[in-house]
Amino acid sequence: MSECLTFQMGKYEARFPADLFYTRNHMWMRTEGRRLVFGLTAYAVRLLKDVYFLDWQTSAPVEVERGQEIGSIESSKALSSIFAPVQGTLLRFNDDLLSDPSAISIDPYGAGWLFEMEGDASVALRPEDYVKFLDAGWEATQRALKKQVQGS
Amino acid sequence: MNPSKLTVVLSQAQGQHPVRRHLEENLASALLLEHGIDVSVIPHLYDLTEDHTGMLFLRSITGDIVVLSWLYPRAAHWMLDRHGVKGKPGEARLAGGEEEEEEEEEVGPASEDTEAIGDEEKPKPIEAADVPDRYIYTLDLRQQDRPEPYLEEIRRIAAECLGRRKNTLSEGHSASRAGEMKPRGFIARESIAGPAASRGNGRPGSEQLLATPARRRWYPVIDFSRCTNCMECIDFCLFGVYGVDAKDRILVENPDNCKKGCPACSRVCPEHAIIFPEYKTPAIAGANLGSISGLKIDLTRFFGGDDALSLAAKERDRELVRDGRSAVGLTAGIPKRQGARNKEGPRDELDQLMDKLDKLDL
Ligand code: SF4
Ligand code: SF4
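Residues numbered from 1 in each chain as written. Chains lettered and ligands numbered in written order. Predicted model: local features only at pLDDT ≥ 70, side-chain atom pairs only at ≥ 80, totals over all residues. Heavy atoms only, no water.

1. Comments concerning the overall build of chain A
Phase 1 of the analysis: Summing up its helical and strand segments, chain A has four helices and 11 strands in all.
Phase 2 of the analysis: Counting over 152 residues, chain A shows a buried share of 51%.
Phase 3 of the analysis: The contacts of chain A with a sequence gap of at least 6 include a subset with a gap of at least 24, amounting to 59%.
Phase 4 of the analysis: Surface accessibility of chain A: about 6400 Å² in total, with carbon and sulfur atoms responsible for 48%. (Helix = DSSP H or I, 4+ residues; strand = E, 2+ residues; numbered from the N terminus. Buried < 20%, exposed > 50% of the residue type's maximum accessible area, 1.4 Å probe, protein only. Contact = heavy atoms within 4.5 Å. Areas by Shrake-Rupley, 256 points an atom, 1.4 Å probe, with all protein chains shown as cover.)

Structural data, given as structure tokens:
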């Protein structure tokens, strides 16, 4: 994990290790043989910040569709469902996170890994393409966030 | 009815959750001993049908009400409203509760930004119709695990209601309040429920009130303090759940047509006005963003790979297929305005946004 790409979120610089792949739902992906390990990117973590609750809706192993809702995550100021990043078999969740999900915020690319899968990795992006993707969606993201912050 | 009495209605949790039952029982017995308070216990509010004794009873109450339930206060309020149990929302001050007023102040002043977002003529919420001049306080039983904080709050509310009644009596009609809300007549709800429960000894027995509802229900609840009557939900839902009333206001017309577990249309509503009280994510279940545990932003649409719209379409397709109909994907009832939103917006917004988020962070 020597090199990193960066993306500026306001004053915060999100870092993305160059040796990982990325998905559009803000997960990183590492290939270990046929296995794919996923976690949340620094971008996602910056939006969430201090994760304190994580819950999976299924137990592994299980077949999932890409985009299928598999769990939910909550921090002191945000929450989200979690969706399967690719289609395939979800082999194992990182059980350590269930009792203490803080590793997601502290060490997103290490101890904060979420789950292991086997499946179709073709949708994953290279780091530079992920950063481009972030760049393209940035304004819309800010607007949408802002709308929520200001309440409806 | 005696206007100085406050009616407290305790709505039980679904099932036989022992911890919840325990709190309910303790609360109910403590409330029986309170002066100036009438207490009744009914089943889970969300499951009650129009003609359930518990609902008839609620409709028969003409004075101020406190409803204790295992629901977000906002969800409970609009559920009652839908069933004709209408009133002005009373402001509860339960510890661990909502302190939204301040939050709003903090975020509110950024009016230049609001313009920059391009929210030009933002449509106004249509608000509840025909709200009588009384208050309904909805308290969430999940906020505290002991009865005492609730008792304290109910006493405070009882005093507040009493004070308000006295004022109204001495000043005639309180003009200041009436100014901000549309004038409205007391809709003839008493006539529907009157005979069933004329207070005093004609009141339904506790067994009748507690009759187990036939089944668990699942349907959307609209928050009219947010809903702008844009009709996106009625276009989106292909199961005939929504309709309009005689004044062309959106209405959950056939609640039981709704598909259990599906929250699809709540994702489509541009005002986040549609509540599914039993859904797992607090935002959809009626929690106030920016309340309870600080600001909760729903990031689902960013983390989904899909936006909320595609997700909603998927959820809808699943139900269509289950019904033996064909999936329609994004080809039916999809908001047209969505695309138009993705334009302009100054570049430096996020700095301010993140600053605001950080400020809200305690
Ligand atoms: S989509 Fe939302 S705002 Fe529009 S009519 Fe339905 S509930 Fe109201
Ligand atoms: S959840 Fe589905 S079935 Fe129910 S009202 Fe919404 S769109 Fe219709």
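Moving on from the model shown.
2. Considerations on the site of ligand 2
Phase 1 of the analysis: As a matter of local geometry, ligand 2 sits amid Pro 220, Phe 236, Cys 237, Phe 239, Val 241, Tyr 242, Cys 258, Lys 259, Cys 262, Ala 264, Cys 265 and Phe 276 of chain B.
Phase 2 of the analysis: Grouping the amino acids of the shell around ligand 2 by side-chain chemistry returns 11 nonpolar, no polar and one charged. (Near = heavy atom within 4 Å. Nonpolar A, V, L, I, M, F, W, Y, C, P; charged D, E, K, R; others polar.)

3. A closer look at the side chain of Arg 226 of chain B
Phase 1 of the analysis: Among the structural elements, Arg 226 of chain B can be located in the loop between strand S6 (221-222) and helix H10 (232-236).
Phase 2 of the analysis: Polar contacts involving the side chain of Arg 226 of chain B include one to the main-chain carbonyl oxygen of His 272 of chain B, which spans 3.0 Å. (Polar contact = N/O pair within 3.5 Å; in protein donor to acceptor, adjacent residues only side chain to side chain.)

4. Section: the pairing of strand S11 (residues 115-119) of chain A
Looking along a regular strand, one sees side chains alternate from face to face of the sheet.
All names here are of chain A.
Phase 1 of the analysis: Pairing of strand S5 (residues 35-40) with S11 involves four bridges; the strand directions are antiparallel. Residue pairing in the sheet places Val 37 in a bridge with Glu 116 of S11.
Phase 2 of the analysis: Judged from the five bridges that link them, strand S10 (residues 88-93) and S11 form a sheet pairing that is antiparallel. Following the sheet pairing, Gly 88 is matched in S11 by Gly 119. (Pairing = 2+ DSSP bridges.)

5. Notes on the pattern of salt bridges
Residue and element names in this part refer to chain B.
Phase 1 of the analysis: Applying the stated criterion across every chain, the model contains 27 salt bridges over all chains.
Phase 2 of the analysis: A salt bridge links Arg 21 to Glu 24; the nearest nitrogen and oxygen atoms lie 2.7 Å apart. Of this pair, Arg 21 and Glu 24 are both found in helix H1 (residues 18-32), three residues apart, which corresponds to roughly one turn of the helix.
Phase 3 of the analysis: Residue classification places Arg 21 among the buried positions, given a relative accessible area of 14%.
Phase 4 of the analysis: The residue Arg 217 makes a salt bridge to Asp 256 at a minimum N-O spacing of 3.1 Å. Of this pair, Arg 217 sits in the loop between helix H9 (206-209) and S6 while Asp 256 sits in the loop between strand S8 (250-252) and helix H11 (264-268), and the two are 39 residues apart along the sequence.
Phase 5 of the analysis: A single salt-bridge network, built from bridges that share partners, covers Arg 93, Glu 153, Arg 156, Glu 160 and Arg 164. (Salt bridge = Lys/Arg side-chain N within 4 Å of Asp/Glu carboxyl O.)

6. Overview of the sheet that holds strand S6 (residues 51-56) of chain A
Phase 1 of the analysis: Pairing within the open sheet is mixed, and its four strands lie in the order S6(A)-S8(A)-S9(A)-S10(B). Strand pairing shows two members of the sheet lacking a second neighbour, S6 of chain A together with strand S10 (297-298) of chain B, which therefore form its edges.
Phase 2 of the analysis: Summarising the sheet, strand S9 (residues 78-83) of chain A and S10 of chain B pair through two bridges and their orientation is parallel. The partner of Ala 78 of chain A across the bridge, within S10 of chain B, is Ile 297 of chain B.

7. Describing the nonpolar core
Nonpolar side chains tend to gather and get buried jointly when the protein is soluble and globular.
Phase 1 of the analysis: Of all hydrophobic cores here, the largest spans 57 residues; its most connected members are Val 9, Leu 45, Leu 58, Met 79, Tyr 242, Ile 250 and Phe 276 of chain B.
Phase 2 of the analysis: The biggest single contributor to this core is helix H3 (residues 73-82) of chain B, with five residues.
Phase 3 of the analysis: Here this core spans two domains, and each of domain 1 (6-87 + 131-201) and domain 2 (221-358) of chain B adds at least three residues to it.
Phase 4 of the analysis: Among all residues touching Phe 276 of chain B, those that are not within four sequence positions of it are Trp 218, Tyr 219, Pro 220, Cys 258, Cys 262, Pro 263, Cys 265, Ser 266, Ile 284 and Ala 285 of chain B.
Phase 5 of the analysis: Counting residues in hydrophobic clusters, the runner-up holds 50 residues, among them Met 9, Tyr 22, Ala 84 and Leu 145 of chain A. (Core = buried A, V, L, I, M, F, W, Y, C linked by side-chain atoms within 4.5 Å. Domains from an automatic or database assignment.)

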